[in-house]
Amino acid sequence: MEKAKYRAYICCGVNCGPKGASALVDFMDAEVQNQGIEHDVSVSATGCQAHCDSGPTMVVYPGPVYYQEMDQNRVRRIIKEHMKSDMPVNDYFWTGVRRRILADGSVIVPRRVITPEDPGSGTPTSPIRPQKPRPRPPDVDDFKW
């Protein structure tokens, strides 16, 4: 089976799911078929993408290109401009801070956990140590968690 030219992953995590993300997956899949590009685009649901403040979010590969505040109108435009004309839609790029909001209200920011009881402090979850840079594998461009 040949790999699709574009792979779209829509967040259906605990914050994006209640905002209609699963319906967006179905809508985008139908729109891709209506446009006749189902062989060029694959659409999948994912878990949390840690962009909870601006969800539902979507990441498109190759890229990655992150889109925020997804709705049906944005999906239509992204299909038309990004996936059919190879022009990513800058107006919808994700611009926020990477944060994951858990069901209990706790917020996870890279290397910090902020609880609802003490939102200002944020305690390190692990000591911050210099990391050795690791080269990225040359042929990996797919979304993995």
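The structure we're discussing is the one just above.
Residues numbered from 1 in each chain as written. Predicted model: local features only at pLDDT ≥ 70, side-chain atom pairs only at ≥ 80, totals over all residues. Heavy atoms only, no water.

Within the secondary structure layout, serine 22 lies in helix α1 (residues 21–34). The spacing of serine 22 and alanine 45 is 23 residues in sequence and 7.2 Å in space, taken between C-alpha atoms. (Helix = DSSP H or I, 4+ residues; strand = E, 2+ residues; numbered from the N terminus.)

Our focus in this paragraph is helix α2 (residues 72–83). In an α-helix there are 3.6 residues to a turn, and that puts residues three or four apart on one side. Its 12 residues give α2 an end-to-end C-alpha distance of 15 Å, which sits within 8% of 16 Å, the value for a rise of 1.5 Å per residue. Taken together, the buried positions of α2 are occupied by Arg74, Val75, Ile78, Ile79, His82 and Met83. The buried residues of α2 occupy an angular sector of 135° when projected down its axis, which confines them to one face. Across α2 from its buried face, at more than 90 degrees, point the exposed residues Asn73 and Lys80. The secondary structure elements touched by the buried residues of α2 are β1 (6–11), α1, β2 (41–46), β3 (58–61) and β4 (65–67). If you check the start of α2, you find a side-chain oxygen 3.2 Å away from the backbone N of asparagine 73, and it comes from aspartate 71. (Expected span 1.5 Å × (residues − 1). Buried < 20%, exposed > 50% of the residue type's maximum accessible area, 1.4 Å probe, protein only. Arc of directions from axis to C-beta. Contact = heavy atoms within 4.5 Å. Polar contact = N/O pair within 3.5 Å; in protein donor to acceptor, adjacent residues only side chain to side chain.)

What follows is about the sheet that holds β2. Taken in spatial order, the four strands line up as β2-β1-β3-β4 in an open sheet, and their pairing is mixed. The two strands at the open ends of the sheet, each matched to only one other strand, are β2 and β4. Adjacent strand axes in the sheet meet at a mean angle of 20° when their direction is disregarded. In the sheet, β1 pairs with β3 via four bridges, with the strands oriented antiparallel. Across the sheet, residue isoleucine 10 finds its bridge partner in β3, namely methionine 58. (Pairing = 2+ DSSP bridges. Axes fitted to C-alpha atoms, helices over the stretch in contact; angles between N-to-C directions.)

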